[in-house]
Amino acid sequence: MTRPIITLTTDYGTSDHFVGAMKGVILNINPDAEIVDITHSVMPYDILDGALAIGQAYRYFPRRSIHVVVVDPGVGTQRRPILVSGDQHYFVAPDNGVLSMVFERESSLAVRHITATHYFLHPVSNTFHGRDVFASAAAWLSKNSLLDSFGEEIHDFVRFSLPKAKVEGTIVKGVVLRVDTFGNLITNLTSEDVHSIVQPGAAFKLRIGNSEVSKFVQTFAQGAAGEPCALLGSSGYLEITVNHGNAARTLSAQRGAEISVELAQSPAPINS
């Protein structure tokens with residue numbers, strides 16, 4: 001039998017004991033579990049950053065993987081712990097919108113409020129539900145516990161819409177969603193939003209702050225050293241990058257920065 005996979009996505013960092021304690025709880029309940037760290041570098045308290053992190057990673061795991069996502073500024077309050085089940089994956093997380101990208105991409109999901117407290121580690125700390133609630137519940141789920149036994153299905157779970165591109169004539173406007181480790185600016189624009197610039201030789205102008213980018217490349221190495229370029233990244237979003245450099249520093253831009261792309265031809269209408 002294949003070992004059950006439990007992934008961890010948190011804003012805990014790796015300098016403290018938090019992640020290690022979660023893993024200890026999981027392995028104490030199910031020693032056969034295989035634990036995979038997706039990231040523990042989600043920006044602290046940043047639910048959108050957590051939603052992006054899990055949304056860009058979960059689909060690459062085997063079916064029946066269990067994903068624990070803990071970005072939980074409301075820990076200890078009335079926000080609910082939830083269990084989300086789909087055709088391929090399971091998710092255990094706080095009900096605060098951190099699974100919004102999953103909700104957006106998956107058409108068939110059931111969401112349950114976890115009320116069966118016998119799946120928790122006791123006593124339950126008011127400040128560490130990652131250990132006592134989410135890790136513990138995920139571990140019991142990995143032992144083939146029935147979904148219905150965790151709690152009733154709910155439909156008023158929290159979700160938010162990711163920022164969408166907006167079209168004004170031949171100009172498409174968007175924002176920077178996040179800055180990755182290399183300083184690449186990952187925007188909310190997809191290839192469909194800016195379809196003309198992904199054609200070789202297409203003319204366009206991309207503006208961000210007081211800077212302009214007018215070169216589209218296929219790979220990071222195609223740009224000249226220090227030159228800002230646009231690129232369609234591995235997650236399907238338009239990125240602004242600097243070869244052997246840091247686009248965020250070069251362009252003095254961070255998450256939330258507005259961008260505009262003036263296309264060589266009118267794009268197809270976008271529902272904004």
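Above this text you will find the structure in question.
Residues numbered from 1 in each chain as written. Predicted model: local features only at pLDDT ≥ 70, side-chain atom pairs only at ≥ 80, totals over all residues. Heavy atoms only, no water.

J.: Give a detailed account of the sheet that holds strand E4 (residues 81-86), specifying residues and quantitative values.
T.: Overall, mixed pairing links the six strands, which are arranged E2-E1-E3-E5-E4-E6 in an open sheet. Edge strands, defined here as strands with exactly one partner in the open sheet, are strand E2 (34-39) and strand E6 (109-113). Neighbour to neighbour, the strand axes of the sheet diverge by 20 degrees on average, direction disregarded. (Pairing = 2+ DSSP bridges. Helix = DSSP H or I, 4+ residues; strand = E, 2+ residues; numbered from the N terminus. Axes fitted to C-alpha atoms, helices over the stretch in contact; angles between N-to-C directions.)

J.: Describe the pairing of strand E14 (residues 237-242), listing the residues and the values that go with them.
T.: Burial analysis of E14 places six of its six residues in the buried class, which makes it a mostly covered element. Residue alternation in E14 divides its side chains into two sets, Tyr237, Glu239 and Thr241 and Leu238, Ile240 and Val242, and both sets are buried. Taken together, the three bridges between strand E9 (residues 185-190) and E14 define a ladder with antiparallel strand orientation. Each bridged residue has a counterpart across the sheet, and for Leu185 the counterpart in E14 is Ile240. Where strand E13 (residues 228-232) and E14 come together, five bridges link them in antiparallel fashion. If you follow Leu231 over to E14, its bridge partner there is Glu239. (Buried < 20%, exposed > 50% of the residue type's maximum accessible area, 1.4 Å probe, protein only.)

J.: Lay out the packing of aromatic side chains in plain terms, naming residues and giving numbers.
T.: Tallied over the entire structure, the rule returns seven aromatic pairs. Consider the rings of Tyr12 and Phe18, whose centres lie 5.5 Å apart with planes at 50 degrees: the pair is tilted. Consider the rings of Phe18 and Phe128, whose centres lie 5.4 Å apart with planes at 80 degrees: the pair is edge-to-face. Remark: Phe128 occurs in the loop between E6 and helix H4 (129-142) and Phe18 occurs in helix H1 (residues 18-29); sequence separation between them is 110 residues. Assessed through its relative accessible area of 26%, Phe18 is described here as partly exposed. Feature note: the residues Tyr12, Phe18 and Phe128 constitute an aromatic cluster, connected by ring pairs. (Phe/Tyr/Trp six-rings, centres within 6.5 Å; stacked < 30°, edge-to-face > 60°.)

J.: Talk me through H1; I want residue IDs and the actual numbers.
T.: The end-to-end C-alpha separation of H1 is 17 Å, in line with the 16 Å expected for 12 residues at 1.5 Å each. Where H1 is concerned, the buried positions are Val19, Met22, Val25, Ile26 and Ile29. The arc that holds every buried residue of H1, seen down its axis, measures 125 degrees, which confines them to one face. For H1, the elements touching its buried residues are strand E1 (5-10), E2, strand E3 (65-70) and H4. (Expected span 1.5 Å × (residues − 1). Arc of directions from axis to C-beta. Contact = heavy atoms within 4.5 Å.)

J.: Got a sec to walk through the nonpolar core? Specific residues and values, please.
T.: Residues Ile6, Met22, Val68 and Val92 are the most contacted members of the largest nonpolar core, which totals 28 residues. Considering every element that reaches this core, the biggest residue donor is H4, with seven residues. In terms of nonpolar packing, the next biggest core, distinct from the first, is built from 24 residues, Leu189, Leu206, Val213 and Ile240 among them. (Core = buried A, V, L, I, M, F, W, Y, C linked by side-chain atoms within 4.5 Å.)

J.: Which residues make up the environment of Pro228, and what values do they have?
T.: Here Pro228 shows up in strand E13. Each C-alpha atom of the pair Pro228 and Ser65 lies 38 Å from the other, and the pair is 163 residues apart in sequence. Filtering out sequence-adjacent residues up to four positions away, Pro228 remains in contact with Val213, Thr241, Val242, Thr250 and Leu251.

J.: Lay out helix H2 (residues 47-55) in plain terms, naming residues and giving numbers.
T.: Among the nine residues that make up H2, nine are buried, leaving the element largely enclosed by the rest of the structure. Here H2 has its buried residues at Ile47, Leu48, Asp49, Gly50, Ala51, Leu52, Ala53, Ile54 and Gly55. Contacts made by the buried residues of H2 are with E1, E2, E3, strand E5 (89-94), helix H3 (100-105) and strand E8 (171-179). Its side-chain oxygen placed 3.3 Å from the backbone nitrogen of Leu48, Asp46 serves as the N-cap of H2. (Polar contact = N/O pair within 3.5 Å; in protein donor to acceptor, adjacent residues only side chain to side chain.)

J.: How would you explain the packing of H1 against H4 if you had to name every residue and give the values?
T.: Running from N to C, H1 and H4 point in directions that differ by 35 degrees, and their axes come no closer than 9 Å. The hand of the H1/H4 crossing is right-handed. Contacts between H1 and H4 involve Ala21, Met22, Val25, Ile26 and Ile29 from the former and Gly130, Arg131, Ala135, Ser136, Ala139 and Trp140 from the latter. A class-by-class count of the residues in the contact of H1 with H4 yields eight nonpolar, two polar and one charged. (Left-handed = near helix turned anticlockwise from the far one by under 90°. Nonpolar A, V, L, I, M, F, W, Y, C, P; charged D, E, K, R; others polar.)

All we've got here are geometric facts, nothing functional implied.
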